[in-house]
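# Structural overview
Here is how the chains run, residue by residue.
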Amino acid sequence: MLRLFKLGLLASTVLAVWPMVEVKAATLTGQPPIVIGHRGASGLRPEHTLAAYELAIAQGADYIEPDLVATKDGVLVARHENEISGTTDVAERPEFATRKTTKVIDGVTYTGWFTEDFTLAELKTLRAKERIPDLRPGNTAFDGQFEVPTLQEVIDLAQRKSAELGRTIGIYPETKHPSYFDSIGLSLEEPLVETLNKNGYIGLNAPVFIQSFEVGNLQQLNQLTDVPLVQLFGGATEKPYDFVVSGDARTYGDLTRPNALTAIASYANGIGPSKRLIIPAATVDQNQDGKPDDLNGDGVISDADRFLQSPTTLVNDAHAAGLLVHPYTFRNENFFLAQDYNGNPEREYEQFFALGVDGVFSDFPGTAVQVRNRVAGDPNGGKEVPEPGLTLALGVIPVAAFLRRRRTQSELS
């Protein structure tokens, strides 16, 4: 009862001090959407490097996003995957040639080099490289320049830049393959929470979101910490890997239903869906050969070969459950833009902001910030964007949604 009283008191306090602003997007909070530097400004620097994170901050990102995997000695580092041959120079390092191996990660077989087979000291001798050089050849100029950062180094950067710039830079860590790391005795949840606590990220107003594609580890995190949690959604026919392990037949598409969203609100504060769960896109077969048409002639079927369909009700349904909505991933290259946008990434942001999303994951946060400021309020032009953490403040999101986070989780357990 005392906890409920304190939550209500905090809600009324935040309502009293939070400035009212004019916005055009119907976000859950009534505030402009946040911009999350997806792996940093990864469209312009090799992903998950301090240089990428620093550029994202310079471009105005509200949060920076490190995907987290573990080293052999249990240190959390920022890599998109624990298999690192595509993002580091490990394959060119003869001293590590014998570390090459084959493993099954979340049901998929990979051959390469894995973070869990390296100590932090060994990993620090490697250098990052561009993961998709064919699409981002300009980023290859930075290959070999940057180390693999630890979570602590990402936090240090965010806090140092917050002090320098006079605005709070939040962090948005993702636990990668938590079931797999549990299976090899390198649990991600406890060291993550320990690091967050040590650095002052405590409580619902902390400038942090923890995200995961799995359900069980978010439910576990809900018992370990009170910081905001976000349930990620993959494609509609895909499943959380812990559901695969447990034999649960539900897909991410099933989890977008209103009753499932209500259940998610019992342990999380938001969802991070693929943007195609909000605005689907479909290929065409104009020549009627039974195959999708390669509209841009590049030999690959991508978003550039798809046309948008009518938006779903996911944003409104999630908001009705008291959940924030942070879709992914927004990118500037034509390869990632549906035909309808005619090669203009700003049109995609405008469409999603108009639907009321509460934030976006962007590889090009400068573009996202520019459009956000134009359509929903410029933090440097009199229309303030709330500080990270306050975006999730109890006084704006219905208090009941937060209280549900501590209620039974039986619908999704």
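For clarity, every value in this text was computed on a predicted model and none was experimentally measured.

## Structural notes on the layout of surface pockets
In this structure, the largest pocket spans a volume of roughly 980 Å³. Forming the boundary of the largest pocket are 35 residues, of which H80, F213, G234, E238 and Y328 lie nearest the centre. Listed by contribution, the elements that provide at least two residues to the lining of the largest pocket are β8 (174-175) and β9 (210-212). Of the residues that constitute the lining of the largest pocket, the class distribution is ten nonpolar, ten polar and 15 charged.

## What about the packing of helix α6 (residues 189-198) against helix α7 (residues 216-224)?
Direction vectors running N to C along α6 and α7 enclose 40 degrees, while the axes themselves pass 10 Å from each other. One way to sum up the angle between α6 and α7 is to call them oblique. The two elements α6 and α7 meet at a crossing, and its hand is right-handed. Residues E189, E190 and V193 of α6 pack against N217, Q220, L221 and L224 of α7. Class assignment of the residues belonging to the contact of α6 with α7 gives a composition of three nonpolar, two polar and two charged.

## Some remarks on the side chain of T367
Assignment of secondary structure puts T367 in helix α13 (residues 365-376). Taking relative accessible area as the criterion, T367 reaches 15% and is therefore assigned buried. In this structure the side chain of T367 is engaged in a polar contact, spanning 3.0 Å, whose partner is the side chain of N332. The residues touching T367, leaving out its near neighbours within four places in the chain, are N332, E346 and Y349.

## Notes on unusual backbone geometry
The amide bond that connects Y328 to the next residue, T329, takes the cis arrangement and shows omega of -20 degrees. With a phi close to 50 degrees, D106 is a non-glycine residue in the positive phi region. Within the secondary structure layout, D106 lies in the loop between β5 (101-105) and β6 (108-112). Within the chain, Q288 stands out as a residue other than glycine whose phi angle is a positive 55 degrees. With respect to the helices and strands, the residue Q288 is situated in the loop between β12 (281-283) and β13 (306-308).

## Describing helix α12 (residues 345-354)
Taken residue by residue, α12 has P345, E348, Y349, F352 and F353 as its buried positions. Projected down its long axis, α12 carries its buried residues within an arc of 125 degrees, all on one side. Buried residues along α12 sit in contact with β15 (359-362) and α13.

Each value, and the rule that gives it
- Residues numbered from 1 in each chain as written.
- Predicted model: local features only at pLDDT ≥ 70, side-chain atom pairs only at ≥ 80, totals over all residues.
- Heavy atoms only, no water.
- 1 Å grid on protein atoms, 1.4 Å probe; cavity = no way out; pocket = protein on both sides within 12 Å on 5 of 7 lines; lining within 4 Å.
- Points joined across faces, edges and corners; volume = space filled by probe spheres on them.
- Helix = DSSP H or I, 4+ residues; strand = E, 2+ residues; numbered from the N terminus.
- Nonpolar A, V, L, I, M, F, W, Y, C, P; charged D, E, K, R; others polar.
- Axes fitted to C-alpha atoms, helices over the stretch in contact; angles between N-to-C directions.
- Parallel < 35°, antiparallel > 145°, perpendicular 65-115°, else oblique.
- Left-handed = near helix turned anticlockwise from the far one by under 90°.
- Contact = heavy atoms within 4.5 Å.
- Buried < 20%, exposed > 50% of the residue type's maximum accessible area, 1.4 Å probe, protein only.
- Polar contact = N/O pair within 3.5 Å; in protein donor to acceptor, adjacent residues only side chain to side chain.
- Arc of directions from axis to C-beta.

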